Amino acid sequence: MEKALENGFPLGSEDTRPLLHEDWQYTDDGSLDIYGRPALRHKSGNWRASAIILGVEVLESLAYYAISTNLVMYMSKILHEGNASIAASVGTWMGTGYLTPFLGALVADSYWGRYRTVFVSALIYLLGMVILTFSASISFLKPPQCEGSSCPSATEAQKLVFFSGLYLIAFGSGGIKSSLLPLGADQFEEGNPVEKQRKGSFFNWFYFALNLGALISSTFIVWIEENINWAVGFGIATLLMALAVVGFISGTWIYRLQRPSESSVKRFLQVLVASLKKTSLEVPVDSSDLYEMKGKTSMALGSQKLVHTDEFRFLDKAATMTALDVKNDGSPIPWRLCTVTQVEELKILLRLLPIWLTSIVYFTGYSQMSTTFIEQGSVMDAAMGPFSVPPASLFAFEILSVMILVFIYDTFIVSTIKRFVGKGSGLSELQRMGVGRFLIILSMSAAALVERKRLKSIGAGESMSIAWQLPQYFILGASEVFNCIGQLEFFYGQAPDTMRSMFIAFSLLTNSFGSYLSSFIVTAVATATSGEGQPGWIPDDLNVGHLDYFFWALAGLSAFNFVFFIVFARWYRLKKVMVDH
């Protein structure tokens, strides 16, 4: 296997497909098996391979959410951190977890390929889980328990061990987040109508698998952490991650793999540099005069050509050929002359930027589920009927609503819409994203109303049940189904075929920046609203704060963001129609 994976694939070779009449038995998208041979259609890929990937995602999700769901409570109860500090630390960690997929995508698309990237990332992930489990198990790696009102903080050495494990998990999950989903989607041929429809379902079921793992973690494992032992809960999560590694390896011989191409970032920079070197050059009126490779494929190995568009005409200068742009043998000088396809790859990215920016604001609101929602629940009555519900476990309700809505959408709504409007995939990706962005306004508003009612009940000397949080979690779950799945499918579908990991990572980057923006806003609000005897909106004791004002501010921000998204989505759809024609 190691020989087969050297440098990702035998990149120096051309298509090794045998010239037989039975050529139909091979896939048409250039996919290969683990040995670098053309993939056999009937022995590789499809649901047989993607089912393994879905199983791996369930196990990885179990491990990840066993840590992330209850991280706020662990840092509060075990590390004895304050509310604002916890919200900022968790937001930063979550942001890093969605920033590292960008690095993973660079490696996957340019060097290792998706298979090796997932494999190596999973090992890093597992190492982080082991370190985190040790930090929760060994007494000298965590601060002593509280004695009355005295709660000693963790030492710098203890924090170093804890955060080392935590950030190894963030880096390991980055490679998995950027490459596991596109690897699963690669198991279906885009040119095969039957498999193309299955690919659309795969995105929905991948998200279902992610949430199935999260549901089990946020109920069963979180309960173990809160009621038995944190080390036992983390240990179970570590074991599950080890099983994910074994499961992923088991599918090695039936995966359909795509060759890595040259660096996406390098290709983008070459276009920019080549354009800037020719600022005074006129772009030909006839686009056929622009430079392009002959044949069906582009210069990037395994990539199909892209059709020229009239947007961002300045970039076409990179494909305008002069005598200075070619070597003596007639080959192009990469940093002076680029193909039309290479230019169009950058144009695609630029067209996506406005929508991408609105996604950052969406995830600023979405990240509250892992921070301020839990802090809000921690000062409410945990009794729900005969049960005592940990605040982090309400996350399970959100997940359950996601799973139910995914099933309903994929099973019933898509077929209903297809029957009436003829769309095989139901609502378009942009329409689904719009619905999700509207619903998050309602979720933030619901959280604000609940907090306002909670503060009134505290003033009256009464407690308020944590069950009041259920509506805001349910609405947020519905928002996630429409926006997050739609966004992943949208960015994957718009990506050039050799840059799909990069575009998935580009999509996930909005989650990262949204978490970072949330951390910044929380810190800024806590600082700006406190001082001179005032506790501020988000003090350590929320009963004397105004978390409701914070939620209202996020609802307003999300409302402005929704308006901008509608404008940008209409612009993008108009440009897309022009490109298609």
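Residues numbered from 1 in each chain as written. Predicted model: local features only at pLDDT ≥ 70, side-chain atom pairs only at ≥ 80, totals over all residues. Heavy atoms only, no water.

**Q** Where do I start with the overall build of the chain in this structure?
**A** Assigned secondary structure in the chain consists of 14 helices and two strands. The buried share of the chain, reckoned over its 581 residues, is 55%. Look at the contacts in the chain between residues 6 or more apart in sequence, and 81% of them connect residues 24 or more apart. Counting only carbon and sulfur atoms, one obtains 66% of the accessible surface of the chain, whose full area is about 24600 Å². (Helix = DSSP H or I, 4+ residues; strand = E, 2+ residues; numbered from the N terminus. Buried < 20%, exposed > 50% of the residue type's maximum accessible area, 1.4 Å probe, protein only. Contact = heavy atoms within 4.5 Å. Areas by Shrake-Rupley, 256 points an atom, 1.4 Å probe, with all protein chains shown as cover.)

**Q** Can you help me understand a nonpolar patch on the surface in this one?
**A** There is a patch of nonpolar side chains on the surface, built from Leu400, Ile404, Phe407, Ile408 and Phe412 and spanning about 440 Å² of accessible area. By the element assignment, Ile408 lies in helix H10 (residues 394–421). Looking at Ile408, the relative accessible area reads 32%, which means it is partly exposed. (Patch = residues over 30% accessible without salt bridge, like charges linked within 9 Å, V, L, I, M, F, W, Y side chains within 5 Å. Salt bridge = Lys/Arg side-chain N within 4 Å of Asp/Glu carboxyl O.)

**Q** I'm lost on the pattern of salt bridges in this one. Help?
**A** Once the charged atoms of two side chains with opposite charge are near each other, the side chains can pair. Counted according to the given criterion, the structure contains 14 salt bridges. The salt bridge partner of Glu345 is Arg267, with a shortest N-O separation of 2.9 Å. Note that Glu345 is positioned in helix H8 (residues 340–366) and Arg267 in helix H7 (residues 264–276), a separation of 78 residues in sequence. Taking the relative accessible area as the measure of exposure, Glu345 reaches 0% and is therefore buried. Assessed through its relative accessible area of 1%, Arg267 is described here as buried. Of the charged contacts, one joins Lys278 and Asp325 as a salt bridge, the two residues approaching to 2.7 Å between their closest N and O atoms. Remark: Asp325 occurs in the loop between H7 and H8 and Lys278 occurs in the loop between H7 and H8; sequence separation between them is 47 residues. With respect to burial, Lys278 and Asp325 carry one shared label: buried. In this structure, a network of salt bridges that share partners links the residues Asp310, Arg313, Asp316, Glu344 and Lys347.

**Q** How should the packing of aromatic side chains be read in this particular structure?
**A** Note on aromatic pairs: each is described by the distance of the centres and the angle between the planes. Taken as a whole and assessed by the stated rule, the structure comprises 33 aromatic pairs. Centre to centre, the rings of Phe188 and Phe202 are 6.0 Å apart; their planes meet at 50 degrees, and the pair counts as tilted. Of this pair, Phe188 sits in the loop between helix H4 (156–185) and helix H5 (193–227) while Phe202 sits in helix H5; the two residues are 14 residues apart in sequence, bridging distant segments of the chain. Residue class for Phe202 comes out buried when judged on its relative accessible area of 0%. Three or more aromatic residues joined by ring pairs make a cluster, and in this case those are Trp47, Phe188, Phe202, Phe203, Phe206 and Tyr492. (Phe/Tyr/Trp six-rings, centres within 6.5 Å; stacked < 30°, edge-to-face > 60°.)

**Q** Would you mind showing me how to read the packing of helix H1 (residues 46–68) against H4 here?
**A** To characterise two packed helices, one gives the angle between the axes of the helices and the distance between these axes. It is the contact of H1 with H4, at a shortest axis distance of 11 Å, that shows an interaxial angle of 155 degrees. By the angle class used here, H1 and H4 are roughly antiparallel. For the element pair H1 and H4, the recorded crossing hand is left-handed. In this structure, H1 contributes Ser50, Ile53, Val56, Glu57, Glu60, Tyr64 and Ile67 to the contact, and H4 contributes Leu166, Ile169, Ser173, Ile176, Lys177, Leu180, Leu183 and Gly184. When grouped by side-chain class, the residues that make up the contact of H1 with H4 number nine nonpolar, three polar and three charged. (Axes fitted to C-alpha atoms, helices over the stretch in contact; angles between N-to-C directions. Parallel < 35°, antiparallel > 145°, perpendicular 65-115°, else oblique. Left-handed = near helix turned anticlockwise from the far one by under 90°. Nonpolar A, V, L, I, M, F, W, Y, C, P; charged D, E, K, R; others polar.)

**Q** Would you mind showing me how to read the confidence of the model for the chain here?
**A** Detailed conclusions should not be drawn from predicted coordinates in areas where pLDDT is low. Residue-level pLDDT values for the chain average 83, and 90% of them are 70 or greater. Element-level mean pLDDT values for the chain span from 76 in H10 up to 95 in helix H6 (residues 230–250). In the model, residues 1–23 has pLDDT below 50 throughout and makes 41 contacts with residues more than four positions away in sequence or in other chains. (pLDDT = per-residue confidence, 0-100.)

**Q** Just to check I follow, could you spell out unusual backbone geometry for this structure?
**A** The phi dihedral of Phe312 is positive, around 50 degrees, even though this residue is not glycine. Relative to the helices and strands, Phe312 resides in the loop between H7 and H8.

**Q** I tried to follow the side chain of Arg454 on my own but got confused; where do I start?
**A** Considering the arrangement of structural elements, one finds Arg454 in helix H11 (residues 429–459). Of the residues examined, Arg454 reaches a relative accessible area of 1% and is grouped as buried. What Arg454 contacts, discounting residues up to four positions off in sequence, is Gln376, Val379, Met380, Met464, Leu542 and Asn543.

**Q** Is there a simple way to think about the nonpolar core in this case?
**A** What tends to happen in soluble globular proteins is that the nonpolar side chains get buried as a cluster. The biggest cluster of nonpolar side chains holds 108 residues, and the ones touching the most others in it are Met241 and Phe550. The element best represented in this core is helix H3 (residues 83–137), accounting for 14 residues. Those residues in contact with Met241, other than ones at most four positions away along the chain, are Glu60, Ala63, Ala122, Tyr125, Leu126, Met129 and Ile176. Counting 33 residues, the second largest nonpolar core, distinct from the first, contains Phe268, Leu346, Leu349 and Phe565. (Core = buried A, V, L, I, M, F, W, Y, C linked by side-chain atoms within 4.5 Å.)

**Q** I'm lost on H11 in this one. Help?
**A** Side chains three or four residues apart in an α-helix point the same way, a direct result of the helix having 3.6 residues per turn. With 31 residues, H11 should reach 45 Å at 1.5 Å per residue; the first-to-last C-alpha distance of 46 Å fits that figure. Gly461, located one to two residues past H11, shows a positive phi value of around 75 degrees. (Expected span 1.5 Å × (residues − 1).)

**Q** Would you take a moment to explain the environment of Trp552 for this structure?
**A** You can see Trp552 is positioned in helix H14 (residues 547–580). Each C-alpha atom, one on Trp552 and one on Ser445, is 6.1 Å from the other, the two residues being 107 residues apart in sequence. Setting aside its immediate chain neighbours within four residues, Trp552 contacts Ser445, Ala448 and Leu449.

**Q** Explain the environment of Ile485 to me, please; I cannot follow it from the model alone.
**A** Relative to the helices and strands, Ile485 resides in helix H12 (residues 470–494). Using a relative accessible area of 2% as the deciding quantity, one classes Ile485 as buried. Between the alpha carbons of Ile485 and Val406 there is a distance of 9.2 Å; along the sequence they are 79 residues apart. Setting aside anything within four residues of it in sequence, one finds Ile485 in contact with Phe203, Asn204, Tyr207, Val406, Arg432 and Glu480.

**Q** What is the right way to look at the packing of H3 against helix H13 (residues 500–528) in this model?
**A** Running from amino to carboxyl end, H3 crosses H13 at an angle of 165 degrees, the nearest separation of the two axes being 8 Å. It follows from the interaxial angle that H3 and H13 lie roughly antiparallel. The interaxial crossing formed by H3 with H13 has left-handed handedness. Class assignment for the residues of the contact of H3 with H13 results in 19 nonpolar, ten polar and three charged.

**Q** Even after reading the chapter, I still don't get H4, so can you show me in this structure?
**A** End to end, H4 covers 43 Å across 30 residues, agreeing with the expected 44 Å (1.5 Å per residue, within 8%). At Ser179, H4 shows its maximal bend, which comes to roughly 30 degrees, and the proline Pro182 appears one to four places after that position. (Bend = angle between axes of the 7 residues up to and from the residue.)

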